[in-house]
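Here is how the chains run, residue by residue.
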Amino acid sequence: MSMDIVKAVTLCEVGPRDGLQNEKTLLSVEEKLELIEAVADAGFPVIEVGSFVHPKAVPQMADTDEVFRRLRRKPGVQYRALIANLKGVERAAGCGCTKVKLNVSASKAHNIANLNRAPAETVAGFQGCADAARAAGMEISGSISMAFGSPWDREIPLSDVKEIVDAYLAVGVTEISLSDASGQAYPTQVYQICAEMARSYPQVTWWLHFHNTRGLGISNIMAGMQAGFTRFDSAFAGVGGCPFVPGAAGNVATEDVVHLCDEMGVETGVDLDRSMEVSRRLVQILGHNTDSYLLRAGKSKDLILELPVKK
Ligand code: ZN
């Protein structure tokens, strides 16, 4: 009997945004372009290029406009960026970005402390962004961070997450990412939440976004696949973190996810060797090792060791 699992998945490389924004080293526009173009050439269908947020808040992303302007776009690849407000929509439209993503924290405590509003109210306030994006011919999606738990709450009730989904749908956003920025998700919970969300919101295009803070990223992706989810974020070489969560690790390493899928016969369209090359190049640019099993151990298929000869 074989395990029930999806046949193909769509991966988004979020390293250029979620990964690099947590690195001390500031990459040049040329280095970013080299990496992003190599990611596209490795076969990624979706790439998160950067974010249009205040350059003082995230200096690593200050040059996202220039990156978009100079990017060699591969046909069929979707290049998206994170935005926080109307200014972000304007910047995106000004440099030819055609897909933007909004974000809200599912933690009421976190959202109220930061923005003095409940998460669903924040999302209702995105109406202007959604209208402006559509008027500019851009696609718009949304993400919900801390959807599986937060460091500021004992628990995030699923009803709270659903309230946020309802608020996104009310402003016309039907592509939604459930994100575990703090690395608190675990497989049985992921399965249960995904199954429930798919049942409650068949009209939503779902993404999953897991950080590997406690080593459960890959297991959580598996649980998502078993619940029938097919869209996952990952970051080259596993770079990243979360500025306000102590000890937060990056997203699950892209090459680890591609390797998992290759081994199981789940189609990704991504070439693992080329993806590993991109990650190695990134490690070289950053000058430090990262959280990537594959970069450390290589592909299991490449392991044909010589047996020691007895003398
Ligand atoms: Zn993230």
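Everything that follows concerns the structure shown earlier in this document.
What counts and how
- Residues numbered from 1 in each chain as written.
- Predicted model: local features only at pLDDT ≥ 70, side-chain atom pairs only at ≥ 80, totals over all residues.
- Heavy atoms only, no water.
- Helix = DSSP H or I, 4+ residues; strand = E, 2+ residues; numbered from the N terminus.
- Buried < 20%, exposed > 50% of the residue type's maximum accessible area, 1.4 Å probe, protein only.
- Contact = heavy atoms within 4.5 Å.
- Areas by Shrake-Rupley, 256 points an atom, 1.4 Å probe, with all protein chains shown as cover.
- Lys, Arg positive; Asp, Glu negative; His and termini not counted.
- Charge placed at Lys NZ, Arg CZ, Asp CG, Glu CD.
- Donors = N, O, S within 2.8 Å, 3.2 Å for Na, K, Ca; no water.
- Pairing = 2+ DSSP bridges.
- Salt bridge = Lys/Arg side-chain N within 4 Å of Asp/Glu carboxyl O.
- Axes fitted to C-alpha atoms, helices over the stretch in contact; angles between N-to-C directions.
- Parallel < 35°, antiparallel > 145°, perpendicular 65-115°, else oblique.
- Left-handed = near helix turned anticlockwise from the far one by under 90°.
- Nonpolar A, V, L, I, M, F, W, Y, C, P; charged D, E, K, R; others polar.
- Expected span 1.5 Å × (residues − 1).
- Arc of directions from axis to C-beta.

Caption draft 1: Region of the structure containing the overall build of the protein. A tally of regular secondary structure across the protein gives 13 helices and eight strands. Each of the three principal axes of the protein carries a C-alpha extent, and together these read 75 × 45 × 35 Å. Burial statistics for the protein: of 311 residues in total, 55% are counted as buried. Once local pairs closer than 6 in sequence are excluded, the contacts in the protein between residues at least 24 apart make up 76%. Accessible surface, the protein as shown: approximately 14,100 Å² in total, 52% of it carbon and sulfur. Taking the 31 positively charged and 37 negatively charged side chains of the protein as two groups, their mean positions are separated by 1 Å.

Caption draft 2: Structural view of the coordination of the zinc ion. Around the zinc ion, the protein supplies Asp 18 (OD), His 209 (NE2) and His 211 (NE2) as donor atoms, at distances of 1.9 to 2.1 Å. The motif formed by the donor residues of the zinc ion, counted along the single chain, is D-x190-H-x1-H. Of the two residues, Asp 18 is situated in helix α1 (residues 15-19) and His 211 in the loop between β7 (205-210) and α10 (217-226); the sequence distance between them amounts to 193 residues. An identical accessibility class is assigned to Asp 18 and His 211; each is buried.

Caption draft 3: Summary view of the pairing of strand β1 (residues 10-13). By the bridge criterion, four bridges tie β1 to strand β8 (residues 231-234) in an arrangement that is parallel. Bridge pairing in β8 links Thr 10 to Arg 231. Bridging between β1 and strand β2 (residues 46-52) involves two bridges; their strand directions are parallel. From the neighbouring strand, Glu 13 faces β2, where its bridge partner is Ile 47.

Caption draft 4: Quick look at the pattern of salt bridges. On inspection of all chains with the given rule, the structure shows 20 salt bridges. Between Asp 160 and Lys 108 there is a salt bridge whose closest N-O contact spans 3.6 Å. Taken as a pair, Asp 160 in helix α8 (residues 158-170) and Lys 108 in helix α5 (residues 108-115) lie far apart in primary sequence, 52 residues in all. Under the relative-accessibility criterion, Lys 108 is labelled partly exposed at 32%. With its nearest N and O atoms 2.8 Å apart, the salt bridge here joins Arg 199 to Glu 196. With a gap of three residues between them, Arg 199 and Glu 196 both fall in helix α9 (residues 187-200), about one helical turn apart.

Caption draft 5: Quick peek at the packing of α8 against α9. The geometry of α8 relative to α9 is characterised by a closest axis approach of 12 Å and an angle of 40° between their N-to-C directions. The angle between α8 and α9 falls in the class oblique. Once α8 is placed against α9, the crossing between them reads as right-handed. Only Ile 193, Glu 196, Met 197 and Ser 200 of α9 make contact with α8, whose side of the interface consists of Leu 158, Val 161, Lys 162 and Val 165. Partitioned by chemical class, the residues of the contact of α8 with α9 number five nonpolar, one polar and two charged.

Caption draft 6: The arrangement of the environment of Met 197 in detail. Along the chain, Met 197 falls in helix α9. In sequence terms Met 197 and Ala 227 are 30 residues apart; their C-alpha atoms lie 10.0 Å from each other. In this structure Met 197 touches Leu 158, Val 161, Lys 162, Val 165, Leu 178 and Trp 206, once residues within four positions along its chain are discounted.

Caption draft 7: Fine view of α9. Taking 1.5 Å of rise per residue, the 14 residues of α9 would be expected to cover 20 Å, and the 20 Å separating its terminal C-alpha atoms lies within 8% of that figure. Every buried residue of α9 is listed here: Gln 189, Val 190, Ile 193, Cys 194, Glu 196 and Met 197. For α9, the arc enclosing every buried residue in end-on projection is 165°, short of the 170-degree limit, so these residues lie on one face. Facing away from the buried surface of α9 by more than 90 degrees, the exposed residues are Thr 188, Gln 192 and Arg 199. Summarising the contacts, the buried residues of α9 are in contact with α8, β6 (175-180), β7 and α10.

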